[in-house]
Amino acid sequence: MTSRTIRQHILSFLSISTLPAIMVNSFSPQILTTRYIAKPDAKSHATMIIPRSSTLLELSTKEVIITDFPPPKSAVSCPALQLLMEIDAASLELTEVSSIEESYFLPDEELIPIKQISLEEQLNIKMSPSASTNMAVSKPRVVGHRGSLYQSLENTRHSIRLAANDCEEVEIDVFLLKCGTLTVFHGSGTDKNPGWLKEYCNVEGTILDYTYEEARKLKFNQYHTEFGCGPDTIRELEHEYYIPTLEEVLSDAKQTGVVIKVELKGPGTTDPVLELVERLNMVDQVHYSSFEHSRIKRVRELHPERNADGSHTYKTGCLFNEVPDNFVELALNVDASEVHLKYSTATKERVEEIHSAGMDSMVWMRGPMGMVDDLTHRFHDVGNEDERMYSTIMATGVRAMCVNRPDVLKQMLIGQAMNSRTLVPPMI
């Protein structure tokens, strides 16, 4: 079994005593509600979760979490109960339950229930159990994360153009290659060490090891689970999917009118990005952000200009993963226009603190794999970027939401407007 196949082993994390000789077709709702994860010292690294309200009949439309894993030494083989699922590995939508092959079960002592909380508790807001997605809350700007990545391959021209149909703004990731070309790409790795190619393109190294001529020829790994659009879309639109230059993406945006939020992902990006934006006469249509705050500080050093209303002409955003106590001070120190918080850290109090300091606010969603992890291990009250999740985040008062499903958020906001609820326009 290779990493290129969609079929993957699945560990159910149900002990033999919890699930005695029950065949696949006799899974009951009670069993489907059980959520387990191995203790830290267990030798497995995988989970399988089936949503609480699911029945076997509904599995074709419900999400599951699938992770490949080596069988733990302490596991007991139980051939009768292995599920082999053929899934769309990127969107995590179950498309087929096929024959039973092999399964492993951990002993009871290596199983612990997953301890989850509600997202509203995490964000320190209170929504009634029957809260409608049409509740009166502030209307945020819709920002497409890497384009519209569940509809089309992330950070490609096709995805960004598609996102322009639903978004006021689109966030993209930018690197400066060794040949001097600015390119749009995300890659694997961390915020401090981004751009790795192995999972994205099945080649070694990072995007920084390549010239643009070389990078343009790279083929995307259609089975990478971070690609929310799925392998079928990638195969169908293969001719559209290549690593684009920033100039190509900005030229498209100039035609559609969508605002581009450039994350300065790699080193040395700030100055050449500014030069390109100015050459294309797109100063009002491009914003800048980074986890490396020195890069947006550089933007402000070069361009302290302000508009007649006092707002910055060159808009910048401080990105935070984990939020330090002095996050507002850090943003003010580099004269940022905005603060961008991970959605799960954007408490109502933090959003209010940002606004009180005279800055704009935005939340950003993790990529598809990160969101699945959060919904598996952390939050029990919302779906994967469903209307309930978006309503909960909106209740914090945040003014922009950088989401993986901008089409869902846009339709939700349209529905609110049609129901004649009072919507407070965002402050810009």
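Residues numbered from 1 in each chain as written. Predicted model: local features only at pLDDT ≥ 70, side-chain atom pairs only at ≥ 80, totals over all residues. Heavy atoms only, no water.

1. Focus on the overall build of the protein chain
Heads up, the rule is: Segments assigned H or I by DSSP are reported as helices when at least four residues long, segments assigned E as strands when at least two residues long, and all are numbered from the N terminus. Working definition: with a 1.4 Å probe on protein chains only, accessible area under 20% of the residue-type maximum means buried, over 50% means exposed, and in between means partly exposed. Only heavy atoms matter for contacts: two residues are in contact if any of them lie within 4.5 Å across the pair. Residue-level accessible areas treat just the shown protein chains as cover; the underlying method is Shrake-Rupley with a 1.4 Å probe.
Across its full length, the protein chain carries 14 helices and 15 strands. Looking at the protein chain as a whole, 56% of its 428 residues are labelled buried. In the protein chain, the share of contacts with a sequence separation of at least 24, taken over all contacts with a separation of at least 6, comes to 66%. In the structure as shown, the protein chain presents an accessible area of about 18,600 Å², 51% of it carried by carbon and sulfur atoms.

2. Details of the nonpolar core
Under the convention used in this document: By convention a nonpolar core is built from buried Ala, Val, Leu, Ile, Met, Phe, Trp, Tyr and Cys residues, the set being connected through side-chain atoms within 4.5 Å.
Grouped together as the largest cluster of nonpolar side chains are 63 residues, with contacts concentrated most on I172, L246 and I393. Counting 20 residues, the second largest nonpolar core, distinct from the first, contains Y212, A215, C229 and Y242.

3. Topic: the environment of L319
Counting through the fold element by element, L319 comes out in strand 12 (residues 316–320). Looking at L319, the relative accessible area reads 7%, which means it is buried. Expressed as a C-alpha distance, the spacing of L319 and V339, which sit 20 residues apart in the sequence, is 6.3 Å. When sequence neighbours within four positions are dropped, the list of residues in contact with L319 reads E263, S289, S290, F291, H293, H340 and W364.

4. Re the confidence of the model for the protein chain
Let me state the cut-off plainly: Looking at any residue, its pLDDT shows the predictor's confidence there, from 0 to 100.
Residues of the protein chain with pLDDT of at least 70 account for 69%, and the chain-wide mean is 77. pLDDT under 50 marks residues 1–113. Its contacts with residues more than four places away, or in other chains, come to 230 contacts.

5. A look at the pattern of salt bridges
Applied cut-off: Each reported salt bridge corresponds to a side-chain nitrogen of Lys or Arg within 4 Å of a carboxyl oxygen of Asp or Glu.
By the definition in use, this model includes 27 salt bridges. For K198, the salt bridge is made with E204, and the minimal N-O distance between the two is 3.3 Å. Owing to a relative accessible area of 56%, E204 belongs among the exposed residues under this scheme. Members of the salt-bridge network, linked through shared partners, are R141, E169, K261, E338, D360 and R399.

6. Details of the side chain of R295
What counts is decided by this rule: His is not counted, nor are the chain ends, whereas Lys and Arg count as positive and Asp and Glu as negative.
In this structure, R295 sits in helix 9 (residues 293–302). It turns out R295 is buried and unbridged, and the closest side chain with the opposite charge, E292, is 5.4 Å from it. Aside from chain neighbours lying at most four places away, what touches R295 is L264, K265, G266, P267, T269, T270 and S290.

7. Some points on helix 8 (residues 270–279)
Residues that lie three or four places apart on an α-helix share one face, since the helix turns once every 3.6 residues. To keep it simple, the criterion reads: For this quantity, the arc is that covered by the directions from the helix axis to the C-beta atoms.
By the burial criterion, the buried members of helix 8 are T270, V273, L274, L276 and V277. Seen end-on, helix 8 carries its buried residues on one side only, within an arc spanning 165°. Exposed side chains of helix 8 directed beyond 90 degrees from the buried face belong to E275 and R279. Of the surrounding elements, those touching the buried residues of helix 8 are strand 8 (169–176), strand 9 (182–184), helix 7 (246–256), strand 10 (259–264), strand 11 (286–290) and helix 9. Backbone geometry just downstream of helix 8 places N281 in the positive-phi region, at approximately 60°.

8. Details of the packing of helix 8 against helix 9
For clarity, the cut-off: Axis angles are defined between N-to-C directions and span 0 to 180 degrees, where every axis is a line fitted to C-alpha atoms and, for a helix, only to the segment in contact. Any angle that is under 35 degrees is reported as roughly parallel, and any over 145 degrees as roughly antiparallel; angles of 65 to 115 degrees are reported as roughly perpendicular and all others as oblique. Here a crossing is taken to be left-handed if its near helix is turned anticlockwise relative to the far helix by less than a right angle, and right-handed if that turn runs clockwise. Note on residue classes: Ala, Val, Leu, Ile, Met, Phe, Trp, Tyr, Cys and Pro are nonpolar, Asp, Glu, Lys and Arg are charged, and everything else, Gly too, is polar.
Put simply, helix 8 and helix 9 touch, their axes get as near as 9 Å, and they point 50° apart. With respect to helix 9, the axis of helix 8 lies oblique. Classified by chirality, the crossing of helix 9 by helix 8 is right-handed. In this structure, helix 8 contributes T270, D271 and L274 to the contact, and helix 9 contributes R295, R298, V299 and L302. Of the residues that constitute the contact of helix 8 with helix 9, the class distribution is 3 nonpolar, 1 polar and 3 charged.

9. Focus on the packing of aromatic side chains
Operational definition: Here is the rule: rings of Phe, Tyr and Trp (six-membered ring for Trp) pair when centre to centre is within 6.5 Å. Planes less than 30 degrees apart are stacked, more than 60 are edge-to-face, and the remainder are tilted. We call a charge positioned above a ring when the Lys NZ or Arg CZ atom is no farther than 6 Å from the ring centre and deviates by at most 35 degrees from the ring normal.
Applying the stated criterion to the full structure yields 7 aromatic pairs. When the ring of F185 is compared with that of Y200, the centres are 5.4 Å apart and the planes differ by 70°; the resulting orientation is edge-to-face. One end of the pair, F185, is in the loop between strand 9 and helix 4 (198–201); the other, Y200, is in helix 4, and 15 residues separate them in sequence. Comparing F185 with Y200 shows no difference in burial state: the two are buried. Here the aromatic residues F185, Y200, F220 and F227 are joined through ring pairs into a cluster of three or more. In this arrangement the basic side chain of R216 is found over the ring face of Y242, its NZ or CZ atom lying 3.7 Å from the centre. The ring of Y150 has R405 lying over it, and the distance from NZ or CZ to the ring centre is 3.7 Å.

10. Details of the pairing of strand 14 (residues 360–364)
Put simply, the rule is: In this analysis, strands are considered paired if DSSP registers two or more bridges between them. Here, the term right-handed applies to a crossover whose path from the first strand over the helix to the second runs clockwise when the strands point away from the viewer.
Counting buried positions along strand 14 yields 5 of 5 residues, so the element is predominantly enclosed. Side-chain alternation along strand 14 places D360, M362 and W364 on one buried face and S361 and V363 on a second face that is also buried. With 5 bridges joining them, strand 13 (residues 338–342) and strand 14 adopt parallel strand pairing. Residue pairing across strands places V339 opposite S361, the latter belonging to strand 14. Between strand 13 and its parallel partner strand 14, the chain crosses via helix 11 (residues 348–356), and the hand of that crossover is right-handed.

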